[in-house]
Protein chains: 2
Amino acid sequence: MFKMTFLGTSSGVPTKTRNVSALAIQTGQGRDWVLFDCGEATQHRLLHTPLSVRDLTAICITHVHGDHCYGLPGLLASAAMNGRREPLLLLAPKAVLRWLDATIECSELFLPYPLECRDVAEVSVAEVSGCTLSAHRLSHRVESHGYAIERVVVHASLRAEALRAAGLAPGPDWKRLQAGETVTLPDGRVLAPADFVEQRRECWRVVVGGDNDDPGLLADACRGAQLLVHETTYTEEALQRIGPGPMHSSAARVARFAAAAGLPNLIMTHFSPRYQDEGPTTVAELAQEARAEYSGNLLLARDFDRYELGRDGVVRLVAEATIANGG
Amino acid sequence: MFKMTFLGTSSGVPTKTRNVSALAIQTGQGRDWVLFDCGEATQHRLLHTPLSVRDLTAICITHVHGDHCYGLPGLLASAAMNGRREPLLLLAPKAVLRWLDATIECSELFLPYPLECRDVAEVSVAEVSGCTLSAHRLSHRVESHGYAIERVVVHASLRAEALRAAGLAPGPDWKRLQAGETVTLPDGRVLAPADFVEQRRECWRVVVGGDNDDPGLLADACRGAQLLVHETTYTEEALQRIGPGPMHSSAARVARFAAAAGLPNLIMTHFSPRYQDEGPTTVAELAQEARAEYSGNLLLARDFDRYELGRDGVVRLVAEATIANGG
């Protein structure tokens, strides 16, 4: 089902190995994908992935802070220069749309494709690539939203025994019933699909949080979700020391919420640059803190990691970074 | 003298190996450096160089097109988050300053250091890090400026024979004369530095062009310059095929100008992504075209190349890219 490629996992500033926020989710419909946040140099990260901006169908921006949106104008401009003509949906807070308007105007940026801009405070649900996107209000220093992406897959299986009992041999009429059509037999009997087709609805749902100091605000969004991706900027101890000013979440806080919400998978991201991969203060501290609160499938994102949400509902790492994390 | 580090050498869009425009010039005064243009991900490039944004004293933006300035807000924001408190000078066309104002306002960007913004159309000369920066109007689709950075070094050498003839033995008075002070001897004679000190003025000057279809506009700026760095987007054949719309320069055009201006060193940069390092169409074509017109020291910039303008007036490559060009 959904495939998640992390393009940036650092908060505030880029580091040598982690860029600022961006997450690509492949929707499962062809090569389509949706981008969540677009920190500076997101387009540069994309050059080292199999993802093409030609297949991008929507961009969801969580909030206007630069580490989540300063890459937007460059990505849109490069898409234009690379020949994109397909429409693109942009869901974002009003401040982001105002900034983009100013950028387009001041820098004489011409986009030769339709960019449909929607203020998430007014239109918080959209359909794209066979999925439903919905926005959910969070708590941060500026207006911030999390997003849920949901895909409903309906499997229609024929009740073969019932069909045979009705005297219908396997053939084109079986296919028509399976496709939801009514079938009239030569003897005049009418067979309705509801009597012969069993429908099973699978609902796949991933929630991507923006910057947020209150994960509980995503309780409704997470109902039925297999995965939450949430910022985990600090340990609880660091958060207490820094104070509530930055309005971010700690590993403990996110993990406690994920446990309470019964989420089977949790990916933490958006780590303060103080947490390196090696050294005195590492992301392992965040993992340790979260594991004390959450016994589900806990994952810590790294740039270029690609995860897949399997049919069994388990999120697994399917590809690791294969390129050097150059500038 | 000046050290030039290329942080981006592609035009329009980044490639896997070349970022969009940015050039750092170390002024020779301590660790100070000046940045010319700031395409998206310039701050990411800097992470892989010895340059620190703490030592950056001025930013000169040539024009408002995104590949020359979209990295500006992120670089300024990261400098703030990394603790910069020193003032910073920004020379740029009005459109860039308007865009930066809008960015600061919309994205609630707080800069805890004084950013002195000057519209180059109004104030085209500035003193910084012991150098003079001057802006020179170019010809492009939008207002575009080239910049000259100049440093005058005065060497004062004592005329030892004349001093000895005047009866002054080597000692502290020699140093005082060399420093420009008048010396009164015990016998009442007054020695003026002008009579005993020979001054030699060295003038070091580098010109950095912005996007421009008429290199001749830099004739005045290049007088006495040791080096011109100029955009070379296409070959003349490609430029003719594409037509004058983009308002860029060809290798032939730039090289012809450098020859006519008697410039000893020419670095070409800002290559269309169609010219790769390997493949059917390469930057070697641009070099070949330029060499037919220019017999001076011709260099083609690559990302992370560091060049030095030597005391002999020759520009030499002193460091090549040592990191993988990741995203």
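Here the structure is a predicted model, which is why all the values come from computation and not from measurement. (Residues numbered from 1 in each chain as written. Chains lettered and ligands numbered in written order. Predicted model: local features only at pLDDT ≥ 70, side-chain atom pairs only at ≥ 80, totals over all residues. Heavy atoms only, no water.)

Participant: How would you summarise the nonpolar core if you had to cite specific residues and measurements?
Facilitator: Ile59 of chain A together with Ile59 of chain B are the most contacted members of the largest nonpolar core, which totals 66 residues. Residues contacting isoleucine 59 of chain A, with those up to four places away along its chain left out, are Leu35, Leu72, Leu75, Leu76, Leu88, Leu89, Leu90 and Leu91 of chain A. (Core = buried A, V, L, I, M, F, W, Y, C linked by side-chain atoms within 4.5 Å. Buried < 20%, exposed > 50% of the residue type's maximum accessible area, 1.4 Å probe, protein only. Contact = heavy atoms within 4.5 Å.)

Participant: Mind laying out the sheet that holds strand β1 (residues 3-8) of chain B, listing which residues take part and the relevant values?
Facilitator: Residue and element names in this part refer to chain B. With mixed pairing, eight strands are arranged side by side in an open sheet as β6-β5-β4-β3-β2-β1-β16-β17. In this open sheet, the two strands that pair with only one neighbour each are β6 (115-119) and β17 (315-319). Averaged over all neighbouring strand pairs, the angle between strand axes comes to 20°, with direction disregarded. The sheet contact formed by β1 and strand β16 (residues 306-309) spans three bridges and is antiparallel. (Pairing = 2+ DSSP bridges. Helix = DSSP H or I, 4+ residues; strand = E, 2+ residues; numbered from the N terminus. Axes fitted to C-alpha atoms, helices over the stretch in contact; angles between N-to-C directions.)

Participant: Describe the relation of the copies chain A and chain B, and please don't skip the residues or the numbers.
Facilitator: The transformation that overlays chain A on chain B combines an axial shift of 0.0 Å with a rotation of 180°, and the residual RMSD is 0.1 Å. As the rotation angle and translation indicate, the two copies are arranged about a two-fold axis. Mapped onto chain B, 100% of the interface residues of chain A again fall at the interface, so both copies present the same surface. (Least-squares fit on C-alpha atoms with pLDDT ≥ 70 in both.)

Participant: Pulling in residues and values, what's your account of the side chain of asparagine 19 of chain A?
Facilitator: Within the secondary structure, asparagine 19 of chain A sits in the loop between β1 (3-8) and β2 (22-26). Looking at asparagine 19 of chain A, its side chain comes within polar contact range of the side chain of histidine 44 of chain B, at 2.6 Å. In this view, asparagine 19 of chain A contacts Leu7, Gly8, Thr9, Ser10, Pro14, Glu40, Ala41, Thr42, Arg45 and Asp303 of chain A together with His44 of chain B; residues no more than four positions away in its chain are not counted. (Polar contact = N/O pair within 3.5 Å; in protein donor to acceptor, adjacent residues only side chain to side chain.)

Participant: Got a sec to walk through the UniProt feature "active site" (unreviewed entry) in chain A? Specific residues and values, please.
Facilitator: All names here are of chain A. Within this numbering scheme, the UniProt entry marks Asp67 as carrying the feature "active site" (unreviewed entry). Overall, the relative accessible area of 12% leaves aspartate 67 in the buried class. Ignoring sequence-local partners within four residues, the contact set of aspartate 67 consists of Ser11, Gly12, Val20, Ser21, Gly39 and His270. (UniProt positions renumbered as here; feature names shortened; annotations may be inferred.)

Participant: An account of the interface of chain A and chain B is needed here, citing residue identities and associated values.
Facilitator: Facing the 39 residues of chain A at the interface are 39 residues of chain B. Our count for the chain A to chain B interface comes out at two salt bridges. With a closest N to O distance of 2.6 Å, glutamate 105 of chain B and arginine 98 of chain A form a salt bridge. On inspection of chain A and its partner chain B, the count reaches 14 residue pairs in polar contact (both at pLDDT 80 or more). Counting residues per element, the side of chain A that touches chain B draws most heavily on helix α4 (residues 94-106) of chain A, at seven residues. When its residues are assigned to classes, the side of chain A that touches chain B shows 17 nonpolar, 16 polar and six charged. (Salt bridge = Lys/Arg side-chain N within 4 Å of Asp/Glu carboxyl O. Nonpolar A, V, L, I, M, F, W, Y, C, P; charged D, E, K, R; others polar.)

Participant: Provide a residue-level description of the packing of aromatic side chains, including the pertinent values.
Facilitator: This structure, assessed with the given rule, holds six aromatic pairs over all chains. Note on phenylalanine 36 of chain A and tyrosine 147 of chain A: the rings are 6.2 Å apart at their centroids and 55° apart in plane angle, and the pair reads as tilted. Placement of phenylalanine 36 of chain A in strand β3 (residues 33-38) and of tyrosine 147 of chain A in strand β9 (residues 145-158) is noted, with a sequence separation of 111 residues between them. Arginine 84 of chain B extends its terminal NZ or CZ atom over the ring of tyrosine 113 of chain B, reaching a point 5.5 Å from the ring centre. (Phe/Tyr/Trp six-rings, centres within 6.5 Å; stacked < 30°, edge-to-face > 60°. Lys NZ or Arg CZ within 6 Å of the ring centre and 35° of its normal.)

Participant: Give me the pairing of strand β14 (residues 265-269) of chain B: which residues, what numbers.
Facilitator: Residues and elements named next belong to chain B. Within β14, five of the five residues are buried, which leaves the element mostly enclosed by the surrounding structure. Of the two faces of β14, the one carrying Asn265, Ile267 and Thr269 and the one carrying Leu266 and Met268 are both buried. Here five bridges tie strand β13 (residues 227-231) to β14, and the two strands are oriented parallel to one another. Looking across to β14, one finds that leucine 228 is bridged to leucine 266. Both β14 and strand β15 (residues 297-300) contribute to a ladder of four bridges, which runs parallel. Within β15, the residue paired with asparagine 265 across the bridge is asparagine 297. In this fold, β14 hands off to helix α10 (residues 283-291), which returns the chain to β15; that crossover is right-handed. (Right-handed = clockwise from strand over helix to strand, strands pointing away.)

Participant: A description of the pattern of salt bridges should follow, citing residues and the corresponding values.
Facilitator: Throughout the structure, instances matching the rule amount to 42 salt bridges over all chains. Here aspartate 55 of chain B makes a salt bridge to arginine 31 of chain B, at a shortest N to O gap of 3.4 Å. Of this pair, aspartate 55 of chain B sits in the loop between α1 (42-46) and β4 (56-60) while arginine 31 of chain B sits in the loop between β2 (22-26) and β3 (33-38); the two residues are 24 residues apart in sequence, bridging distant segments of the chain. Classification of arginine 31 of chain B by relative accessible area gives exposed; the value is 58%. One network of salt bridges, in which partners are shared, links Lys94, Asp119 and Glu122 of chain A.

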